[in-house]
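Report on the structure
Below, each chain spelled out in residue letters.
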Amino acid sequence: MKEIILHYLWLHKQFDITQLFTTKKEKIEILNFGQYLQNSGPDFFNAQLIIETQKWAGNIEIHVNSSDWYLHNHELDKEYDNVILHVVWNHDTEIYRKNKSEIPVLELKNYISEETLKRINALLQTKNWINCENSLDEVSEFTWLSWKESLFFERLEEKTNQIQEIFTELNQDWEAVCFAVLVKNFGLNINGEAFLKLGLSIPFSIIRKESHTQENLEALFFGFGGFLSDEFQDEYPKKLQSIWNYQKTKYKITENPELKFQFYKLRPNNFPTIRLAQLAALYYNTQNVFEQLINVKSIRDIKEIFKIQVSNYWRNHYNFDRETEKNLSGISIKFIELLLINSVIPLQFVFNKYKGNDSFEDIIQLSQEIKSEKNTIIARFQDLNVKSENAFDSQALLQLKKQYCEKQACLKCRIGIEILKKNHTFEV
């Protein structure tokens, strides 16, 4: 027996609640099962029940064995002083509060049907890919829709945790925060962390001052990134090198030796040199980038913002001193959509919350305008007839797979819960 199963049984009342008794044969009447906290402290908060004729209000703690109470040192923790019922699968010892008063115990295994356990175990038994893959046709469209929305915002919350940290680190300068977030996502997965360090290394006040020319921004970005420390043959990188040397003296700055950029296994259009050149073009051509992005309502809006062109040198180069026949290095629609998913929407979400605006309909609509991501996870869901028509769907399904399916958290997942509820329950 696993504790998470007991949480599920209690939360969803998967037993006959009209005939419950403590291990001391005292009648239990449950008035309120309590609020499921899922954090430190007792498992269910502010429950209400009657034991014999005495009414109690307090918390519920759940364990597989009664002795787990002592294993976890709850008798020494004042947070557990207000536990009014200890719900266990197996009662193997009496348990007491810190003040030595005994806590009533409900031994749950006496009230759970074999059919209920069989269905839970069948769900939790690992399948080829996900546990519920053979039962997804049992799930209603309403459950899918409501659960996808919750999953979408769960994933968005996770993405915005780092933005909140950056916001504090950069003294609540939204334009500087926007630059750091964009830089990270211009680096994609392989160079994302190195790009973020670069973005946090360059004081945004210097970017503002240098944005009057595209060459100055390129010199700043490539210089900080350590790309201008070599001997060059082409005149353009020599010019950037000269500008960077002046910038280092003027602003008392230097390259960050910790930055390591990867080119291996990247398509040339994703080389860090090209992405930095595109960032320089963006901040040269667009004033107040954050203000522009925060007001994006459609794909058309963001296409206009990213309709930029790199400097002449990068139109036929992927690296310094290595000319190619064709490049041009515009920003592709696919990459713009990735920026929308990973930069623009998270920034809008954080900013709305900062302003106290709890309406996110525009964010949902924008995500539904973006094409679904294509990867192995989304493809496998589609093989199971779970459609992903846009980024709202694909982001929700990625969250589902990584935070629920892979963690065997079926009993916290609305899909798993609905499948189990096809069985008879005693909920009143």
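Located above this text is the structure these notes cover.
What counts and what doesn't
Residues numbered from 1 in each chain as written. Predicted model: local features only at pLDDT ≥ 70, side-chain atom pairs only at ≥ 80, totals over all residues. Heavy atoms only, no water. Pairing = 2+ DSSP bridges. Helix = DSSP H or I, 4+ residues; strand = E, 2+ residues; numbered from the N terminus. Salt bridge = Lys/Arg side-chain N within 4 Å of Asp/Glu carboxyl O. Buried < 20%, exposed > 50% of the residue type's maximum accessible area, 1.4 Å probe, protein only.

Let us now look at the pairing of strand 5 (residues 54-65). As paired elements, strand 4 (residues 44-51) and strand 5 share six bridges and run antiparallel to each other. Counted as the bridge partner of Ile50 is Lys55 from strand 5. Here strand 4 folds back onto strand 5, and the loop between the two strands holds two residues, one of which, Glu52, carries a positive phi near 60°.

Overall, the coordinates contain 13 salt bridges when judged by the stated rule. Note that Lys24 is salt-bridged to Glu94, the shortest N-O span being 3.9 Å. In this pair, Lys24 is assigned in the loop between strand 1 (20-21) and strand 2 (27-32) and Glu94 in the loop between strand 6 (83-90) and strand 7 (105-107), connecting sequence segments 70 residues apart. The partly exposed category is assigned to Glu94, whose relative accessible area is 27%. Between Lys148 and Asp393 there is a salt bridge whose closest N-O contact spans 3.4 Å. Of this pair, Lys148 sits in helix 4 (residues 141-169) while Asp393 is found in helix 16 (residues 391-405), placing the two residues 245 residues apart along the sequence. Comparing Lys148 with Asp393, the two get one shared label, buried. One continuous salt-bridge network, built from bridges that share partners, spans Lys24, Glu94 and Glu102.

One non-glycine residue with positive phi stands out, namely Asn46, at about 60°. Mapping Asn46 onto the fold places it in strand 4. The partly exposed category is assigned to Asn46, whose relative accessible area is 43%. Of note in this structure, Asn171 is not a glycine but carries a positive phi near 55°. Examined against the element boundaries, Asn171 turns out to sit in the loop between helix 4 and helix 5 (174-186). Relative accessible area serves as the criterion here: at 68%, Asn171 is assigned to the exposed category.

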